[in-house]
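Each chain, written out:
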There are 2 protein chains.
Amino acid sequence: MVVKGIRQLADHLDISIGTVSRALNGKKDVNEETRRRVLEAAERLGYVANQSGRALRKGSTGVIGFMMQTGHEITGQGDTFFMSVFDGVQTVFARHGLDLVALLCSSEEDPDAYLERVVARGFADGIMLSATRRIDHRFALLDRRKIPFVSLGRSLTDVGQPFIDLDFEGMATTVMMRLATRGHRRIAVLRPHDDLNLGHVFVERCREVLAVHGLSLEDDLIFNASPNEAGGYRIGQELARHPNRPSAIAVLNDGSVTGLFHGLEAAGLTPGKDIAVIGLHSPQARYLSPRLTCFDLSLRDLGISLAETLLASMPAYATLYPDAAHRRLWPMTLIDGDSG
Amino acid sequence: MVVKGIRQLADHLDISIGTVSRALNGKKDVNEETRRRVLEAAERLGYVANQSGRALRKGSTGVIGFMMQTGHEITGQGDTFFMSVFDGVQTVFARHGLDLVALLCSSEEDPDAYLERVVARGFADGIMLSATRRIDHRFALLDRRKIPFVSLGRSLTDVGQPFIDLDFEGMATTVMMRLATRGHRRIAVLRPHDDLNLGHVFVERCREVLAVHGLSLEDDLIFNASPNEAGGYRIGQELARHPNRPSAIAVLNDGSVTGLFHGLEAAGLTPGKDIAVIGLHSPQARYLSPRLTCFDLSLRDLGISLAETLLASMPAYATLYPDAAHRRLWPMTLIDGDSG
DNA sequence: CATAGTCTCGTAAACGTTTACGGAGATCGA
DNA sequence: TCGATCTCCGTAAACGTTTACGAGACTATG
């Protein structure tokens, strides 16, 4: 048997709905014996408070939305990237009875309009943004709606909200120093869609680091490609027939590495020998040939930090996370491979 | 300026909230001029009906939940697999004002309890299941709660609900026939966690097909592994030192292929030469060395079909999809590669 | 015994929306 | 002119929950 409303549960117990509600919500002014009865009955009859009624009354939904865009391959993150981050986020949220859901915006719908709609509806108590663009209207939009949010990634158009981003500056420094000291003079960069912010941050820092070594990053060695295998393959081919071929390339597109290797090989070049390749973060790095030199980062921990940062900006939870990072660049450590 | 309730919007227009609501919802008994004014004002002031209030009154949320488990690598499908499916699902849902969200169940929470909680709360009007297990209590649970649902995958414990699953029988037939006629006598299978249903369906059909050729599938040639690179690597090593090594292997774990190749190579074996490898469906199939022989399937179309199937089982939409498939095995076509 | 305090519970209002119902005014036909 | 019909709109109830408020029954204290 399944009971449908608090009214039914209350009738069944011969108690008022007020007391039932208080018992279920752990309020103090309810007899322990009564509470036990209520809890037992709720468990046995499968009663769970209705989401809409509860949210309407409390003014909060207990839901946090992580916005993602389907179809489009835009982020450049690999297959299990988000699932690992989510797992970390959940660990934190579970402590507070919050639920994480992924808000899936179709490739046929305008992301800004989608987000505005979802937020205006009061669907979630907080929002997590990813795939942040250089010019990204979502920041101003969320700011106007006064909803707590955090972004996984930076933007030129942010509004002072908290964020966590990979430390692309640190990554650029590490990679360029390594390549320069190993004698590379012409270095290329492969980055995803130009609208995304991360590629710009990376390239900018690369230029600074290279300048110290008296080197520069040539414009014709900055490649954009879809963060998938086909994109990487195309660039591999392009590199091979480049009139003034670089001797190394830094790849921000995780999903492109396999394709890049293959594209190079198809053109007769051996990655790691004819051209050094350094990647960002690939779970399959150890299983490529040659083994990919790339970075290690704990995605689950990143998720935990992301969740804590968001909660710290929500009045109801702020005191619980007094020293959560407000804005943080997530450190990454290089792991040696055979590719560069 | 942003308006927060229908009351404010109504006051601003000097109209009753009833009329405003009717105007916004496209009811007929409202003057066209009035409707125009309401729509214009709502747009300008950024009013969108509150989710909780609307859902509470209407008894439906307009949300469909797709359940996924984070952390656990169990399905073997990556982010891009589901993102493609989601994109198809969305195209259908968008036509009806439905929203798809991914319900993310943490690896620390019991999936059955999680689903029960979400459904009992009335969070969604319909549910999509994936990563279906051989014995999967979620089917009975959803059946008991009388909520429309569809599963991407089969189970021994289903309850007659609609499903769509990959045609593992067809796949098994194609693969085994191909291998047998090419002279392979000892054939292995790599499948994900034993709890999942798909591996059993596949193996069963393999046995039947092989029997026709006077062959059998040896128990010690059926491998289980986590559907990731590490899992594949381990099996690669294991195959190499197998006392009676098979000459071919069918791999259901998409995420394991890279690792498998590497594991074999590390042990001195060349995939496609020393041992034939046929995969399931890998976006990077063309970019591996050797090129992976595997199957092609349109994930976006699968998503469309999945959505239509669900809607067909929901009273409110059933008449719109009179000939949606109730239970369907999704066809897959083999693409030649160099691996087997 | 009177009073104050404590514990427990019931009552009712409120959250924001949709919608059944009915009423006012306009139009129309006889 | 008078119903009848139609168009448009306002009123109020209902959805399921939480919670402020107050009341009744005890207990403690003097």
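Residues numbered from 1 in each chain as written. Chains lettered and ligands numbered in written order. Predicted model: local features only at pLDDT ≥ 70, side-chain atom pairs only at ≥ 80, totals over all residues. Heavy atoms only, no water.

Moving on to the overall build of chain A. Scanning chain A for helices and strands turns up twelve helices and twelve strands. Along the longest, intermediate and shortest principal axes, the C-alpha atoms of chain A span 85 × 40 × 40 Å. Accessible surface, chain A as shown: approximately 13900 Å² in total, 49% of it carbon and sulfur. Charge separation in chain A, taken as the distance between the mean sites of 38 positive and 41 negative side-chain charges, equals 4 Å. (Helix = DSSP H or I, 4+ residues; strand = E, 2+ residues; numbered from the N terminus. Areas by Shrake-Rupley, 256 points an atom, 1.4 Å probe, with all protein chains shown as cover. Lys, Arg positive; Asp, Glu negative; His and termini not counted. Charge placed at Lys NZ, Arg CZ, Asp CG, Glu CD.)

A few words now on the packing of helix α6 (residues 111-120) of chain A against helix α7 (residues 138-145) of chain A. Residue and element names in this part refer to chain A. Direction vectors running N to C along α6 and α7 enclose 15°, while the axes themselves pass 10 Å from each other. Our classification of the angle between α6 and α7 gives roughly parallel. For the pair α6 and α7, the crossing hand works out as right-handed. Taking contact as the criterion, the partners of Asp112, Leu115, Glu116, Val119 and Ala120 in α6 are, on α7, Arg138, Leu141, Leu142, Arg144 and Arg145. (Axes fitted to C-alpha atoms, helices over the stretch in contact; angles between N-to-C directions. Parallel < 35°, antiparallel > 145°, perpendicular 65-115°, else oblique. Left-handed = near helix turned anticlockwise from the far one by under 90°. Contact = heavy atoms within 4.5 Å.)

This part takes up the environment of Val118(A). Residues and elements named next belong to chain A. Tracing the chain through its elements places valine 118 in helix α6. For valine 118, a relative accessible area of 2% gives the class buried. The contact partners of valine 118, leaving out residues within four places of it in the chain, are Leu103 and Phe123. (Buried < 20%, exposed > 50% of the residue type's maximum accessible area, 1.4 Å probe, protein only.)

On to helix α9 (residues 198-212) of chain B, then. All names here are of chain B. With 15 residues, α9 extends 22 Å between its outermost C-alpha atoms, agreeing within 8% with the 21 Å of an ideal straight helix rising 1.5 Å per residue. Turning to α9, its buried residues are Gly199, His200, Val201, Phe202, Val203, Cys206, Val209 and Leu210. Contacts from the buried residues of α9 go to α8 (168-181), β6 (187-191), β7 (222-224) and β8 (248-251). Backbone geometry just after α9 places glycine 214 at a positive phi near 70°. (Expected span 1.5 Å × (residues − 1).)

Counting from both sides, the interface comprises 58 residues of chain A and, opposite them, 57 residues of chain B. Summing both sides of the interface, chain A and chain B together bury roughly 4900 Å²; the carbon and sulfur share of this comes to 55%. The largest per-residue losses of area from chain A upon contact with chain B belong to Leu104(A), Arg121(A) and Tyr287(A), which jointly make up 15% of the total buried on that side. At the boundary of chain A and chain B, one finds six salt bridges. (Buried area = accessible area lost by both parts, 1.4 Å probe. Salt bridge = Lys/Arg side-chain N within 4 Å of Asp/Glu carboxyl O.)

The subject of this paragraph is the pairing of strand β5 (residues 163-166) of chain A. All names here are of chain A. On β5, burial covers both faces: Phe163 and Asp165 on one face and Ile164 and Leu166 on the other are all buried. With two bridges joining them, strand β4 (residues 149-152) and β5 adopt parallel strand pairing. Considered in β5, the bridge of leucine 152 is made with isoleucine 164. As defined by bridge partners, β5 adjoins strand β11 (residues 327-330) across four bridges and the pair is classed as parallel. Note on β11: the bridge partner recorded for isoleucine 164 is arginine 328. (Pairing = 2+ DSSP bridges.)

To continue, consider the packing of aromatic side chains. Residue and element names in this part refer to chain A. For the structure on display, the rule yields 13 aromatic pairs over all chains. Measuring from centroid to centroid gives 5.8 Å for phenylalanine 66 and phenylalanine 82, while their planes differ by 70°, and the two rings are edge-to-face. Pair noted here: phenylalanine 66 is in strand β1 (residues 63-69) and phenylalanine 82 is in helix α5 (residues 81-94), with a separation of 16 residues, a long-range link. Judged by relative accessible area, phenylalanine 82 falls into the buried class, the value being 7%. One aromatic cluster is present, built from ring pairs that chain together Phe66, Phe81, Phe82 and Phe86. (Phe/Tyr/Trp six-rings, centres within 6.5 Å; stacked < 30°, edge-to-face > 60°.)

With that settled, consider the state of the cysteines. Counted by the stated rule, this structure contains zero disulfides over all chains. Free of any disulfide, Cys206(B) has its nearest neighbouring cysteine sulfur in Cys294(B), separated by 16 Å. (Disulfide = S-S within 2.5 Å.)

Looking now at the domain arrangement of chain A. Residue and element names in this part refer to chain A. By the assigned domains, chain A splits into domain 1 (6-49), domain 2 (63-165 + 299-330) and domain 3 (168-296). Spacing between the C-alpha centres of domain 2 and domain 3 amounts to 28 Å. Of the residues lining the interface, 17 residues belong to domain 2; the matching set on domain 3 comes to 17 residues. Carbon and sulfur atoms make up 53% of the area that domain 2 and domain 3 hide from each other, which totals about 1300 Å². Seen at the junction of domain 2 and domain 3, the total is one salt bridge. Residue arginine 154 pairs with glutamate 169 through a salt bridge whose shortest N-O separation is 2.7 Å. At the boundary of domain 2 and domain 3, one finds four residue pairs in polar contact (both at pLDDT 80 or more). (Domains from an automatic or database assignment. Polar contact = N/O pair within 3.5 Å; in protein donor to acceptor, adjacent residues only side chain to side chain.)

Residue and element names in this part refer to chain B. With parallel pairing, four strands are arranged side by side in an open sheet as β7-β6-β8-β9. Since the sheet does not close on itself, it has two edges, and those belong to β7 and β9 (276-278), each with one partner. Taken over all neighbouring pairs, the strand axes of this sheet differ in orientation by 20° on average, direction set aside. Sheet topology places β6 next to β8; four bridges connect them, and they run parallel. When the sheet's bridge partners are listed, isoleucine 187 is paired in β8 with alanine 248. The strands touched by α9 are β6, β7 and β8; relative to β6, the strand with the most contacts, the crossing angle is about 170°.

Close to DNA strand C lie 26 residues, the nearest being Thr34(A), Ile6(B), Ser21(B), Tyr47(B) and Arg57(B). In the interface set of DNA strand C, defined as its atoms within 4 Å of the protein, sugar plus phosphate atoms amount to 58%. In the environment of DNA strand C, a phosphate oxygen lies 2.9 Å from a nitrogen or oxygen atom belonging to the side chain of Arg54(B). Sorting the residues of the surface near DNA strand C by element identifies α2 (17-24) and α4 (51-58) of chain A together with α2 (17-24) and α4 (51-58) of chain B as the ones contributing at least two each. (Near = heavy atom within 4 Å.)

Around DNA strand D lies a shell of 26 residues, among which Ile6(A), Ser21(A), Tyr47(A), Arg57(A) and Thr34(B) are the nearest. A share of 56% of the atoms of DNA strand D within 4 Å of the protein falls on sugar and phosphate groups. Thr19(B) is positioned such that a nitrogen or oxygen atom in its side chain is 2.8 Å from a phosphate oxygen of DNA strand D. Taking Arg57(B), its main chain carries an N or O atom lying 3.3 Å from a base oxygen of DNA strand D.

Residues and elements named next belong to chain A. The alternating pattern of strand β8 (residues 248-251) places Ala248 and Ala250 on one face and Ile249 and Val251 on the opposite face, and all of these are buried. The pairing of β8 with strand β9 (residues 276-278) spans three bridges and is classified as parallel. Paired with alanine 248 across the bridge in β9 is alanine 276.

A separate point is the relation of the copies chain A and chain B. Each copy superposes on the other: chain A lies on chain B with an RMSD of 0.1 Å after a rotation of 180° and an axial shift of 0.1 Å. Interpreted geometrically, this transformation is the action of a two-fold axis. A high fraction, 97%, of the interface residues of chain A reappear at the interface in chain B, so the copies pair face to face through one surface. (Least-squares fit on C-alpha atoms with pLDDT ≥ 70 in both.)

This part covers the pattern of salt bridges. Counting across every chain of the model gives 48 salt bridges over all chains. The partner of Asp99(A) in a salt bridge is Arg117(B), with the nearest N and O atoms 3.0 Å apart. Of this pair, Asp99(A) sits in strand β2 (residues 99-105) while Arg117(B) sits in helix α6 (residues 111-120), placing the two residues on different chains. Here Asp99(A) falls in the buried class, since its relative accessible area comes to 5%. What emerges from the salt-bridge pattern is a single network uniting Asp99(A), Glu109(B), Arg117(B) and Arg121(B).

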